[in-house]
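Observations on the three-dimensional arrangement
Now for the letters of each chain:
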Amino acid sequence: PLYPTLRYDPQRSFAPVSMTNLTSNLLVVNPDLKVNSVAELAELARRRPGELTFSSSGNGTTSHLAGEMFKTAAHADIRHIPYKGTSGAINDFLAGRISMMIDTSSNFIEQVRQGKVRALAVTSRQRLAALPDVPSMSETPGFEDYEVSLWSGVLAPADTPRPVIDRLNADIKAVMTSPRMVERMAGYGIQTTHSTPEAFAERIRVDTAKWARIIEQSGARAD
């Protein structure tokens, strides 16, 4: 397990209320790396095993696991460089000391627009409205099953009465579907959303199983 000493059960200790937003990771490379697509990056990594690097905000984080997923799909050896937090990972990447990153899209949208980094793909199934010309990773042959969508949501204690859950759910829906909230979040590459408690519980179940496989394959452990 990623957290062998966790003192609660991520699924049984909480009652899902609603998802609130969705976003994607973004695969970005340093402009000095002469690749313009996911396929070209994968080919380069296979030709130069162990030479390319990807940074993350720490062992076991989504940026780390998304990179491990890429390595598996690309059949390539790319060295993972973990940092103690996002800022260090991004700063070294922007300074040209790291070949690539797969991290939250909102961290890079402005840098992509300014030409400071090159975006090769988003990791969600759908392209981002904020970067409509950047393809989804799944559009690349060999990466059809690659999908990493990051979500946020609201959880309550497991014994919360259903009427309370339903009231919270309705209030969250009113906020997250308001035009002002939708427009403001879209500017950061974030899609506001709402779900039933049951749909949120299923999303947690499916994602837990998916990441468990990646953790087992990569041997990832949180710091």
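Structure's up top.
Description of the structure in this document. Nothing here was measured: the structure is a model prediction, and the numbers come from that model.

Examining the overall build of the chain
The number of helices and strands found in the chain is 7 helices and 7 strands. Secondary structure elements in the chain, listed N-terminal to C-terminal, are β-α-β-α-β-α-β-α-β-β-α-α-β-α. Relative to the compact-globule value of 17 Å for 223 residues, the chain shows a C-alpha radius of gyration of 18 Å, a close match. Dimensions of the chain, computed from the C-alpha atoms along their principal axes, are close to 60 × 40 × 30 Å.

Brief notes about the nonpolar core
By size, the foremost hydrophobic cluster in this structure holds 30 residues, and its most contacted members are Leu27, Leu41, Phe70, Met100 and Tyr146. Here Leu27 is in contact with Val38, Leu41, Phe70, Met100, Met101, Ile102, Arg118, Ala119, Leu120, Ala121 and Met137, once residues within four sequence places are set aside. Counting 18 residues, the second-largest nonpolar core is a separate cluster that includes Tyr83, Ile98, Phe108 and Val122.

A closer look at the environment of Asp103
The topology assignment puts Asp103 in strand β4 (residues 100–104). As for Asp103 and His64, which are separated by 39 residues in sequence, their C-alpha atoms are 8.7 Å apart. Beyond its immediate chain neighbours, meaning those up to four positions away, Asp103 contacts Ser24, Asn25, Leu26, Ser63, Thr86 and Phe108. At 3.3 Å, the side chain of Asp103 forms a polar contact with the side chain of Thr104. Only 3.2 Å separates the side chain of Asp103 from the side chain of Asn107, close enough to count as a polar contact.

Section: the pattern of salt bridges
What the rule picks out here adds up to 11 salt bridges. A salt bridge links Glu68 to Lys71, with the nearest nitrogen and oxygen atoms 3.4 Å apart. On the criterion of helical spacing, the pair formed by Glu68 and Lys71 is a turn pair, its members being 3 residues apart in helix α2 (residues 62–74). Take Glu68: its relative accessible area is 12%, and that puts it in the buried class. Given the relative accessible area of 19%, Lys71 is considered buried. In the salt-bridge network here, residues are joined through shared partners; they are Arg162, Asp166 and Glu198.

Comments concerning unusual backbone geometry
Of note in the backbone geometry, His75 takes a positive phi value of approximately 55 degrees without being a glycine. On the secondary structure map, His75 appears in the loop between α2 and β3 (79–82). For His75, a relative accessible area of 66% puts it in the exposed group.

Side note on the packing of aromatic side chains
This model, assessed by the stated rule, comprises 4 aromatic pairs. A centroid spacing of 5.6 Å and a plane angle of 80 degrees characterise the contact between Tyr8 and Phe14, whose relative ring orientation is edge-to-face.

Some details on the pairing of strand β1 (residues 14–29)
Most of β1 sits inside the fold, with 15 of its 16 residues counted as buried. In this structure, β1 lies alongside strand β7 (residues 191–192), joined through 2 bridges in antiparallel fashion. Looking across to β7, one finds that Asn21 is bridged to Thr192. Where β1 lies against β4, 5 bridges are found, and the strand directions are antiparallel.

What to know about a nonpolar patch on the surface
Together, Leu6, Tyr8, Phe14 and Leu155 line one region of the surface with nonpolar side chains, adding up to about 350 Å² of accessible area. In this fold, Leu155 is placed in strand β6 (residues 149–157). The exposure class of Leu155 is partly exposed, given its relative accessible area of 40%.

Overview of the side chain of Ser63
Note that Ser63 resides in helix α2. Exposure remark for Ser63: the relative accessible area of 1% places this residue in the buried category. A polar side-chain atom of Ser63 sits 3.2 Å from the main-chain amide nitrogen of Ser57. A polar contact is formed between the side chain of Ser63 and the side chain of Thr61, at a distance of 3.1 Å.

Here's the deal with the environment of Ser37
Position of Ser37 relative to the elements: it lies in the loop between β1 and α1 (38–47). Along the chain, Ser37 and Arg118 lie 81 residues apart, while their C-alpha atoms are 9.6 Å from each other.

Basis of the calculations
- Residues numbered from 1 in each chain as written.
- Predicted model: local features only at pLDDT ≥ 70, side-chain atom pairs only at ≥ 80, totals over all residues.
- Heavy atoms only, no water.
- Helix = DSSP H or I, 4+ residues; strand = E, 2+ residues; numbered from the N terminus.
- Rg over C-alpha atoms; globule rule 2.2 N^0.38 Å.
- Core = buried A, V, L, I, M, F, W, Y, C linked by side-chain atoms within 4.5 Å.
- Buried < 20%, exposed > 50% of the residue type's maximum accessible area, 1.4 Å probe, protein only.
- Contact = heavy atoms within 4.5 Å.
- Polar contact = N/O pair within 3.5 Å; in protein donor to acceptor, adjacent residues only side chain to side chain.
- Salt bridge = Lys/Arg side-chain N within 4 Å of Asp/Glu carboxyl O.
- Phe/Tyr/Trp six-rings, centres within 6.5 Å; stacked < 30°, edge-to-face > 60°.
- Pairing = 2+ DSSP bridges.
- Patch = residues over 30% accessible without salt bridge, like charges linked within 9 Å, V, L, I, M, F, W, Y side chains within 5 Å.
- Areas by Shrake-Rupley, 256 points an atom, 1.4 Å probe, with all protein chains shown as cover.

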